[in-house]
Every structure is written in structure tokens, then in C-alpha cells.
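This is what each chain is made of:
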Amino acid sequence: MKPNVTPNVPWGGKEVSSVCSNTCLYIMAEMELPTQHRVFDTDDSDFESPTFQSRDLETLEQSNVDGQYEPMEADARNREHETEQGGTRFSDFIPLDFEEEEAVEEAIRRSLEEETVQVPQESRSIKTLTTEEITGIVKAHSEMVVTEGFRSIIVSRRNVWTSAIRQFRRPRFVESTDMLYVTFASDENTTEDAEDLGGPRREFFRLLVKAIFQESGAFEESPNGFIPRLNVSHVQNRVYRTIGQMMSTIIVQGGECPALLSFVVLDYLLTGRMFDIRVSPEDVADVELRDSLKTIDQATTDDDLQRAIESCESWRYQIEGLPNPVTMDNIFHVLLQRKSCYDQLAEGLECYELLPLLKENLPLRVLLEMPKVRSDLTADVVATLLKTSYSVLGSNKRPKEELMVVKFRDFLNSVQEREVEECLHGRTLTEAEKTFLRNLNPGHILAFVTGSSRVPAVGFQPGPKLSFVHNENKYLPVAHTCSNELEIFVNSKNLADNDEFEYNFLVALMNGANFSAV
């Protein structure tokens, strides 16, 4: 029924009640609610569950007792005068009988069953891009937005987050689009001896990604990835905006991608349609809250739902007033409650025009989104990246270098299979060495050589390589991170049929945290 009234006729609860039957009334709102939040389960259902309606019903009943609600008969008499004056013919609105109402309800249910729920995550239905294609797009974009100059930054290894955010919050620092030139400080008075031709910058970005998600206090981890933590101080100081600028800088200037965000975070950043995003309890970081939301989702009866909600006293009243709070509670806790954090993050990602690039090329969301199956860097990938370069003269020495290649590949495989400690069973290892071996993976070796534990979005420039140098006096591998080169020394000690080469590599990795002259 569509009332045929003039625009100046006021409509309230009394007017609506006069044209509806005693059973139900369906109202099409001017602002349409997203499809997945509509509820047409029974005639008693509304956009709120019966549990959340109970307090409102008590208020209405009390109003009737206090005489604040006029009977419908009086309403009808009052409107007869309006009909004579202004053109609303209430006799045109004949309530549906029971069979007609049943037919309407069945039609609505069929339409909802046949309707395809909108999925705002456009990336779910778009084509994927190969790693080479992604690298090409990001590299071309980087060449357009990054200028040729340099801006210096001194970073403390002991406190990467504090020293980094101090630099990024300088107005002139952020306004510049020059490449970063990074110098590491070991302490207040000592800086590391290294010229930044790419290696220190990549290492800084790798440490900064870790600091953003583990040390900044701005994020918390859910089973589906990291989401912004509601940190009032960070919102007031616009820290999330600064973090967005950091992430943009990391990606376009050749750092390993901060691909740790939950997909719902990317959905909001790319679409802005909060109420169209499908959020589940698995997107909630707090374990206790996540369990209570799961209990509500799994409730099959009104009694189960009532008990589940009553156990959520810490937050149940926070979401009253939302359309259908039972299905929107996840959105509230993950998105709505933290909207200011998301908006600041999006503002920061405008730096280097990164966010517009992601919106134009939706598959690029993998630069920020935690993959569903997180795969570690494999030994084969590292070996492929490190192209062999024979840096000595004389073909008679080639067999020794080929033997070193075999020993290096065996070491990579033992790292991947967590077998290095077993290979060194003949040695008495320190507790520090044992702890280091338990966490060692092929990514550590790539980081030792290049400063980055993963391949950056723009790729490595120049490409990593493995060089062999004949020298009987040097045994520990040496990494030149600016040229992405790993030098392995060929000599009788490293070629020996024992664990000497593996142990020398372990010592080099454990002591390779700082840059120094070779």
C-alpha cells in the first residue's frame, strides 16, 4: 500500500497504525538497509530481535498506563477532518486479509532466497595477477611518484618505532617524496658504518613492519589478520594516519610489503561501505568477545539467543539502536567502533597515491592483506634468487665452486626442514645458538643478503647474487646488502667434509644484525 497523500501531511505512529491490519505491516524505508541485515523470519520480527526489543516494549506499556498514548478510535476521528481538508482518502487503504498476507510473506521469502548477497570484496570476483605483473605495476608507479633526491633518517635499532614515528611526523619529512637514506644508530653516540645504496633502507622497512604491528600499540591480531586497535591516544595524535604514510612509503620505496591486515580492513579501505562488509567473529581480536559472538551466531532458538545475549553484559547495551544488532554486532566491534582509526589509516595511504592505485587495481590489495594461507619463503626460492656468479679466474677452480654451491643448497634445505641443529650434533651449542636455530628460516638468509626477508613489491634492484671468492684466511660468509650479494669463501676449511661450513654460516647469521665495514 502506498499512501496517496500530499507532502504537507505529517506521518507518525498514529497515522501509520490507522492503515494497517491487526497482524503485520511491512514498511519500505527511504534508506535501504543492506541485504544481509534484513530480517523477515516471522510477523513478530523487526530490525531488532525480541531480546533487544524487551526494554522498548516495557517503556511502551508504561506509557499506556500513564495515559500518554491515545486510543486508535480517537486517532481516526482526528484524521477524518484531515481527510476532508487535504486529500488523504483512508478508505483506499484496505488491510490485507490473512490469505493475502501469507502470499505476500511467501513472495518476500522467495525473493530473499533467490537474491544474491552483495559481496563488496570485488577482489573475490576479479582476475588475479601474477607476481611479475604486480611488480611491474608497482615499479612503474614508484618511478612516477618517488623523486630522485634523498632525505636522511637516523633510526635506533633498539627502538625502531619511537625513532621512526618521530621522523615521519615531521611536516617537511612527509611532504617530501625523495627516497629515504637510512643510517642505523647502535647507541646514542655511535652510528653503523654503512652507505645506504638500498640495503639499510630495506632492512629499516623490514624492522618497521614488525614495529608497526607488534610495538606501536595500534593493532591487534585476529584469526583473519590484524585490525586497528581502538587507541584513543593514537586517534587524537593521528598516529593511524602516520602509519598509513609509513605503509605507503614501505611499498613504493622497495620494502617488503606489510601484508598482515585482515581482509575486512582492506574491504573498508577500498570501498568505504561499512555495512556491506561481511564480518564474522573470526575477525574479532579479543578471545573472550569472539567466543561470546560465536555463541550468539550459533544460537538456534530464542531461548538460546536470550541466554547468549544475557551473558554479554559488557557490551550488549552498546549496540542498541543499530538495525538488527544480533547480526550487526560483529560489524560494530570490528569496524563501526573503530571507524576513526580506519579513516585515518586511509588518509595516510593516500601518500604516494597508493590508495588510488589499489582502488584502480584491486588485485594489488595483496600488498597489504594477510593471505589466507601464509607460505614461508622456501629454500628453492632463495636459491633461485641468488644467481651464482663465479668471481675468480681459471677453469681449474670451477669444481670447487660447484661443490660450494651444493653445500650451500644443502644448508638452505636443512634450514627449511629445521635440521641445522641435527647437522651440528657434534658441537656443544650455546643456549643462544639453540634458540636462534629454532627460529631460523630461509627468510633470515634472504634478509642477511638483502635486508628484506621477502621479495619487495618493486623487486630487488640489482638482483641478488651468490659469489665465490678463493681466500684461505676468511671463513664466514659476507653479505653486501646494497648490491644484494652474498660472498662465500672457497677454502679447505669450508670444503671439508664436516660441519665447519654450516657452523660458519650460523655464526655469520647471528652476528649479522649490524652493518659494518668489511
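As a starting point, this report considers the structure included with it. Model, not experiment: these values are computed from the prediction. (Residues numbered from 1 in each chain as written. Predicted model: local features only at pLDDT ≥ 70, side-chain atom pairs only at ≥ 80, totals over all residues. Heavy atoms only, no water.)

The next point concerns unusual backbone geometry. A cis amide bond links Gln461 to the next residue, Pro462, at an omega of 0 degrees. Tracing the backbone shows Pro462 in the loop between helix H21 (442-450) and strand S6 (465-470). Even without being a glycine, Glu353 presents a positive backbone phi close to 55 degrees. Structurally, the position occupied by Glu353 is in the loop between helix H15 (339-348) and helix H16 (354-360). Its identity is not glycine, yet Asn484 carries a phi of approximately 55 degrees, on the positive side. Within the secondary structure, Asn484 is located in the loop between strand S7 (478-480) and strand S8 (485-490). Asn484 sits in the buried class, given a relative accessible area of 0%. (Helix = DSSP H or I, 4+ residues; strand = E, 2+ residues; numbered from the N terminus. Buried < 20%, exposed > 50% of the residue type's maximum accessible area, 1.4 Å probe, protein only.)

A separate point is the environment of Val138. Within the element layout of this structure, Val138 appears in helix H5 (residues 131-145). In this structure Val138 comes out as buried when scored by relative accessible area, which is 2%. Sequence separation between Val138 and Ile251 is 113 residues; the distance between their C-alpha atoms is 8.2 Å.

Attention shifts here to the side chain of Thr183. With respect to the element layout, Thr183 can be found in strand S2 (residues 178-185). Judged by relative accessible area, which is 19%, Thr183 ranks as buried. Apart from residues lying up to four places away in sequence, Thr183 is in contact with Ile153, Ile154, Val155 and Thr191. (Contact = heavy atoms within 4.5 Å.)

Right, let's get into the pattern of salt bridges. Pairs can form between side chains of opposite charge whenever their charged atoms are close. Overall, the coordinates contain 16 salt bridges when judged by the stated rule. Taking the shortest distance from any N to any O, the salt bridge between Arg206 and Glu203 comes out at 3.8 Å. Of the two residues, Arg206 and Glu203 both sit in helix H8 (residues 199-214), three residues apart, roughly one turn of that helix. With a closest N to O distance of 2.7 Å, Asp343 and Lys339 form a salt bridge. Placement of the pair is Asp343 and Lys339 together in helix H15, with a separation of four residues, close to one helical turn. On the basis of relative accessibility, which here comes to 35%, the residue Lys339 falls in the partly exposed class. (Salt bridge = Lys/Arg side-chain N within 4 Å of Asp/Glu carboxyl O.)

Here Ser216 shows up in the loop between H8 and strand S3 (219-222). Of the polar contacts made by the side chain of Ser216, one reaches the backbone oxygen of Ile212; its length is 2.5 Å. Once you skip the residues sitting within four places of it in the chain, Ser216 turns out to touch Trp161, Ala211, His234 and Ile243. (Polar contact = N/O pair within 3.5 Å; in protein donor to acceptor, adjacent residues only side chain to side chain.)

Interpretation in functional terms is not warranted from these geometric data alone.
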